[in-house]
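Coordinate analysis (summary)
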Amino acid sequence: MKPFPIATALSAIGLFAAHWLAFDFVPMERTMGAVQRIFYFHVPSAWLCYLGFLMCFVGSVGYLWTRRSRWDLFALASAEVGLIFGFIVLITGPLWARPAWGAWWRWEPRLVSMALMVLIFCAYWVLRSYGGSGEGVKRFAAILGVFGAPNIVFVHLAVRKWRGTHPDQVVSRSNSDMRIALYSVLAILLVVFVLLVVQRYRIHKNAFRVRALRRRLSRMGAM
Amino acid sequence: MRSSSMRRGLAPLMLAGAALMAPLAVGAQEAEAPAAAAPATADAPPPAAQSAFQVSEGLEAMRYRHLWIAYGVIWLFVFGFVWRNWKLERATSRELDALEARIGDLEGGAGVKVDG
Amino acid sequence: MNAPGFFSVVGVVLAKDLRTELRSKQTLMTMAMFGLVLTFVFAFGFVADPATNKKVLPGALWASLLFTGTLGVGRTFAREAELGAFAALVLSPADRAAVLLGKMLGNLAMSIVVMVLVVPLLALMLRVDITATAAIIALQLLLGALGFAVVGTPLAVMAVNARFAEVLLPIVVFPLVTPVLIAGVKGTGIALGTTIGEDAWGWVQFIAAFDVAFGVGGLFLFERMVTE
């Protein structure tokens, strides 16, 4: 009947399938061994984090132009879910890098721009959580959402200019089973991502209406 | 009201902090173990160029340990977030229903008064 | 009444701000004082052998630009907000982008004054001779200060409406000026000969590109930001 619970159940099954793909379906990678299996969740998470950031950008532009709160809620929900995937990327990445590169971190364009993106998302989240819920804060956050996206491009360019490119084409280097697993997990996580955004959107919408009704109630009480 | 919203905000932050500590704890362990089998130096060549080097037992163990920690973090984040959202959504929709009912009562009562 | 021309509005806003600032010297004095304190912090924190000092100097310079800049940017619209004149500024027939540009240039001017004080002092205390490369470092810092003003000023406008604005502003602005920081530190390092790199001018160009992109973007968006 309701699409949301069905989709939730399906994505739960999908997550199990994703683990089967990452742990059993794909062959053991020759040079990196077991730790390479982090990739099947790490890489799609990174893409989804970028997607969340992009959606936040679009929502922020939409809000600045139309001043409709649905755009603002869309931007906020995408930023929050993007932040969750960003945390996953930033924590699983070093865990992979330590055995594979021998170092937790490298000053490499993709790493730095991802870290900066999560930092900007964090600022966005702190702003929304503690800056209040007025119209002005929404616009403040929208400006941050709009400025953040081109900023990541500049950070990427800066670090590339500074360190040179890293010729690490993971996706094109892997064999077909690995690619199948990667894209399947991506599809599953995309569904999870969309569901989470929808859920966050509904939570914020409810909270928005609760605030409005409280105001109305206090006005009625005053009468 | 304020303190509860603060707590709600701090919970994921603490979660994130704990998750960030995990690799550090692993790192400390490795530092204690003498000569942890790290492949070459900090500026090791990209993975493709390393296929020839000998895989020691320590490295193999580290690979599995890191794999499990990574998936642990993923599970923690995804399911923790889902659980928190589920609770939040239930709480807000319940509050919304209660408020709507109260406003309905008040408006209904006012209407009756006017009619009577 | 005809709306005044774009650049005359820029000039009026800039002149008004500079005049009131010169009269009270509030913001300028706090910024300069903070810059002075930072100089001592960096000097005590980092001073070592001459080679190390030379490596540390770019980071210290750019960090002090960012930190003192935050103070100035945070005060951009504080006076208007205190006097309730912000609405008047927005409602006036003047082009809002011109008002913003005037404010940006005001912040830039303040940063320049502070850096003129801080840079020689830092170089002196870390005992690095920068006279040979003073021109390019000045240009880099000028463009960097412009980049900071260009990103920080529109955000400072919006921060007027937020709670904890004075804390939130640096949290929001610092990540956004990271490209300037990277380019500035690398560029100054190359100019001083401590960082390996082809040429410092590439980084100057990079900061200039950042300034143009975010300056134009901010001016373009400002109309959208302040209209109700």
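Residues numbered from 1 in each chain as written. Chains lettered and ligands numbered in written order. Predicted model: local features only at pLDDT ≥ 70, side-chain atom pairs only at ≥ 80, totals over all residues. Heavy atoms only, no water.

1. Regarding the overall build of chain A
The following threshold applies: A helix here means a DSSP run of H or I that spans at least four residues, while a strand means a run of E at least two residues long, and both kinds are numbered starting from the N terminus. Three labels apply to residues, based on accessible area from a 1.4 Å probe with only protein chains included: buried if under 20% of the type maximum, exposed if over 50%, partly exposed otherwise in between. Any pair of residues with heavy atoms lying within 4.5 Å of one another is described as a contacting pair. Per-residue and other accessible areas follow the Shrake-Rupley method at a 1.4 Å probe size, with only the shown protein chains counted as cover for residues.
A count of helices and strands for chain A gives 7 helices and 0 strands. If you list the helices and strands of chain A from N to C, you get α-α-α-α-α-α-α. Residue burial in chain A is summarised as follows: out of 223 residues, 59% are buried. Contacts spanning at least 24 positions in sequence make up 78% of the contacts within chain A whose residues lie at least 6 apart. Accessible surface, chain A: about 9300 Å² in total, of which carbon and sulfur atoms supply 67%.

2. Examining the overall build of chain C
Each helix and strand in chain C was counted, giving 10 helices and 0 strands. For chain C, the residues scored as buried account for 52% of the 228 residues in total. When the accessible surface of chain C is summed, it comes to about 10100 Å², and 72% of that surface belongs to carbon and sulfur atoms.

3. Thoughts on the packing of aromatic side chains
The following threshold applies: When two rings of Phe, Tyr or Trp (its six-membered ring) have centres within 6.5 Å they constitute a pair, described as stacked for plane angles under 30 degrees, edge-to-face for angles over 60, and tilted for the intermediate range. Lysine NZ or arginine CZ positioned within 6 Å of the ring centre and within 35 degrees of the ring normal marks a charge as sitting over the ring.
On inspection of all chains with the given rule, the structure shows 19 aromatic pairs over all chains. Ring geometry for Phe 39 of chain A against Trp 96 of chain A: centres 4.9 Å apart, planes inclined by 35 degrees, an arrangement best described as tilted. Of this pair, Phe 39 of chain A sits in helix H2 (residues 39-66) while Trp 96 of chain A sits in helix H3 (residues 69-101), and the two are 57 residues apart along the sequence. Assessed through its relative accessible area of 7%, Phe 39 of chain A is described here as buried. Taken together, the ring pairs in this structure connect Phe 147 and Phe 154 of chain A together with Trp 203, Phe 206, Phe 210 and Phe 214 of chain C into an aromatic cluster. Looking at Arg 90 of chain B, its charged tip hangs above the ring of Trp 86 of chain B, at a distance of 4.7 Å from the centre.

4. As for the side chain of Thr 68 of chain C
Residue and element names in this part refer to chain C. Counted only if it meets this: Any N or O atom pair separated by 3.5 Å or less is treated as a polar contact, with the protein-specific requirement of one donor-capable and one acceptor-capable atom, and with residues adjacent in sequence counted only for side-chain atom pairs.
With respect to the element layout, Thr 68 can be found in helix H3 (residues 50-74). A distance of 2.7 Å separates a polar atom in the side chain of Thr 68 from the backbone oxygen of Ser 64. Residues within four places of Thr 68 in sequence aside, it is in contact with Met 31, Phe 34, Gly 35, Leu 38 and Val 114.

5. Some thoughts on the nonpolar core
Filter applied, for reference: Residues enter a nonpolar core if they are buried and are Ala, Val, Leu, Ile, Met, Phe, Trp, Tyr or Cys, with the set joined through side-chain atoms within 4.5 Å.
Tyr 40, Phe 41, Trp 96 and Phe 140 of chain A together with Val 151 and Leu 155 of chain C are the most contacted members of the largest nonpolar core, which totals 158 residues. In terms of residues, this core owes the most to one element, H3 of chain A, which gives 17 residues. The contacts of Phe 41 of chain A, once residues within four sequence positions are left out, are Leu 15, Ala 18, His 19, Ala 22, Val 185 and Leu 189 of chain A together with Tyr 71 and Ile 74 of chain B. Listed in part, the 7 residues of the second largest apolar core include Val 210, Leu 217 and Met 220 of chain A together with Ile 103 of chain B.

6. Thoughts on the environment of Met 115 of chain C
Relative to the helices and strands, Met 115 of chain C resides in helix H6 (residues 96-125). When sequence neighbours within four positions are dropped, the list of residues in contact with Met 115 of chain C reads Leu 61, Ser 64, Leu 65, Pro 120 and Leu 141 of chain C.

7. Thoughts on the environment of Arg 211 of chain A
Turning to its location among the elements, Arg 211 of chain A is positioned in helix H7 (residues 176-222). Distance in space between the C-alpha atoms of Arg 211 of chain A and Ser 133 of chain A is 9.9 Å, their sequence separation being 78 residues.

8. Quick notes on unusual backbone geometry
All names here are of chain C. Positive phi, normally seen in glycine, also occurs at Lys 25, with a value near 60 degrees. Looking at the secondary structure, you find Lys 25 in the loop between helix H1 (6-24) and helix H2 (26-46). Positive phi, close to 55 degrees, is recorded for Arg 127, a residue that is not glycine. Tracing the backbone shows Arg 127 in the loop between H6 and helix H7 (134-159).

9. Remarks on the confidence of the model for chain A
As a reminder of what qualifies: Note on scores: pLDDT gives the predictor's confidence for each residue, bounded by 0 and 100.
Per-residue confidence for chain A averages 83 on the pLDDT scale, and 92% of its residues sit at or above 70. By mean pLDDT, the top-scoring element of chain A is H2 of chain A (91), and the lowest-scoring one is helix H6 (residues 170-173) of chain A (56).

10. Focus: H6 of chain C
Residues and elements named next belong to chain C. Selection criterion: By this rule the span expected of a helix is its residue count minus one, scaled by 1.5 Å. Axes are fitted to the seven residues ending at a residue and to the seven starting at it; the angle between these axes is taken as the bend at that residue.
If you check H6, its first and last C-alpha atoms are 43 Å apart, about what 30 residues at 1.5 Å a residue would give, namely 44 Å. Maximum bend of H6: about 30 degrees, positioned at Met 115. Backbone geometry just downstream of H6 places Arg 127 in the positive-phi region, at approximately 55 degrees.

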